[in-house]
Amino acid sequence: MNRKLVVKLCLLNFGIAIVNIIAFSNAFMGIMLGEDTAIKRAFGYTILLMSVILFFYGNYRFLHSKEAQYEFSIQDLHKPEDMIEVLTELLNKNILNNEINTTKNQISRLLKKKESLNNIIYIKFKEEDEDAYGLKDVIGKVENLLFSNVKSIINAISVFDQQEFTQINQKGNAEKHAVYMEQVNYIREKVNDNETILLEFDKLLMQLSKLSDGTQADSDDLAVFKDVVNNMKQLL
């Protein structure tokens, strides 16, 4: 939800509460609906009625305004947490909810794999060896590729009109349905691309763990390790 909208909602409801406290608290006006004069009772009932109306009408208007639509800029999505937050806000498109949840999961999985890789690299390799294999460079570039795919997924999902898609299905408009399904398939392809990237991270982790078991790595393990690194480079 838009942060400015949250502030407005808080101010609205806080204002309603303050007015009622001033009207009915003994520390202020102390209006007693069952015992005060007719004028005070009428004033108290008016405050209650207006508070109820303002609460429901005000919150409804704010929550259904254009401002209530989640706004973001792809250029501002620099952190994985920001991407997950946006994806969570987009979880209202039934046909794409599985892809949204999968993408969120992919981000979390990547962060865990990267942390494990960094730990193994730190333990196993000297700086010169690390540079020789180009590990940090390739890991960073492949990570950026996955996040680039995530941004493409977010872009595509944000413009997907779930309501219109449902209406098209109901009316049986084949041409428009094909256009929407092309968009859905594009999103699913990007999700699958990210799975391929994560698979390469898994392979790299497995080969690195073999090299970091404290024993001398044999030539076959080292060759496979280099092949995995090269395969990751080919993703770029």
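Here, every reference points to the structure presented above.
Here is a short report on the structure shown in this document. In this text the structure is predicted, and so the values were computed from the model without any measurement.

### Remarks on the overall build of the chain
Here comes step 1: Check the secondary structure of the chain and you find nine helices and zero strands.
Here comes step 2: Taken from N to C terminus, the helices and strands of the chain fall in the order α-α-α-α-α-α-α-α-α.
Here comes step 3: Here the chain holds 236 residues, and 32% of them are scored as buried.
Here comes step 4: For the chain, the share of sequence-separated contacts (at least 6 apart) that also reach a separation of at least 24 residues comes to 69%.

### Let's talk about the packing of aromatic side chains
Here comes step 1: In total, this model carries four aromatic pairs according to the counting rule given.
Here comes step 2: Ring plane angle 85° and centroid distance 5.1 Å describe the contact between F55 and F56, whose orientation is recorded as edge-to-face.
Here comes step 3: Here F55 falls in the partly exposed class, since its relative accessible area comes to 37%.
Here comes step 4: Residue classification places F56 among the exposed residues on the basis of a relative accessible area of 56%.
Here comes step 5: Between the aromatic rings of F165 and Y180, the centroid separation amounts to 5.7 Å while the plane-to-plane angle is 45°, which identifies the pairing as tilted. In this pair, F165 is assigned in helix α7 (residues 162–171) and Y180 in helix α8 (residues 174–211), connecting sequence segments 15 residues apart. Neither residue differs from the other here; F165 and Y180 are each classed as buried.
Here comes step 6: Connected via pairs of aromatic rings, a cluster forms that spans F160, F165 and Y180.

### Focus on the nonpolar core
Across soluble globular proteins, nonpolar side chains have a tendency to be buried as a group.
Here comes step 1: Judged by nonpolar contacts, the single largest core of 40 residues is most densely connected at I154, F201 and L204.
Here comes step 2: Of all elements in the fold, only α3 (80–89), α4 (97–124), α6 (135–158), α7, α8 and α9 (219–234) reach the threshold of two or more residues within this core.
Here comes step 3: Counting residues per element, this core draws most heavily on α6, which supplies eleven residues.

### With respect to the packing of α3 against α6
Here comes step 1: In the contact formed by α3 and α6, the axes pass within 11 Å of each other and the chain directions differ by 25°. Comparing the axis directions of α3 and α6 gives the class roughly parallel. In this structure, α3 crosses over α6, and the sense of that crossing is left-handed. Contacts between α3 and α6 pair P80, M83, V86 and L87 from the former with F147, V150, K151 and I154 from the latter.
Here comes step 2: Residues that form the contact of α3 with α6 fall into these classes: seven nonpolar, no polar and one charged.

### Examining the pattern of salt bridges
Here comes step 1: In this structure the tally under the stated criterion is six salt bridges.
Here comes step 2: One salt bridge in this structure joins R188 and E99, with 3.0 Å as the shortest N-O distance. Of this pair, R188 sits in helix α8 while E99 is found in helix α4, placing the two residues 89 residues apart along the sequence.
Here comes step 3: A salt bridge links K114 to E143, with the shortest nitrogen-to-oxygen separation between them at 2.9 Å.

### A look at the side chain of N194
Here comes step 1: Of note, N194 is situated in helix α8.
Here comes step 2: Excluding anything up to four places from it in sequence, N194 contacts Q106, L146, N149, V150 and I153.

Cut-off values and rules
Residues numbered from 1 in each chain as written. Predicted model: local features only at pLDDT ≥ 70, side-chain atom pairs only at ≥ 80, totals over all residues. Heavy atoms only, no water. Helix = DSSP H or I, 4+ residues; strand = E, 2+ residues; numbered from the N terminus. Buried < 20%, exposed > 50% of the residue type's maximum accessible area, 1.4 Å probe, protein only. Contact = heavy atoms within 4.5 Å. Phe/Tyr/Trp six-rings, centres within 6.5 Å; stacked < 30°, edge-to-face > 60°. Core = buried A, V, L, I, M, F, W, Y, C linked by side-chain atoms within 4.5 Å. Axes fitted to C-alpha atoms, helices over the stretch in contact; angles between N-to-C directions. Parallel < 35°, antiparallel > 145°, perpendicular 65-115°, else oblique. Left-handed = near helix turned anticlockwise from the far one by under 90°. Nonpolar A, V, L, I, M, F, W, Y, C, P; charged D, E, K, R; others polar. Salt bridge = Lys/Arg side-chain N within 4 Å of Asp/Glu carboxyl O.

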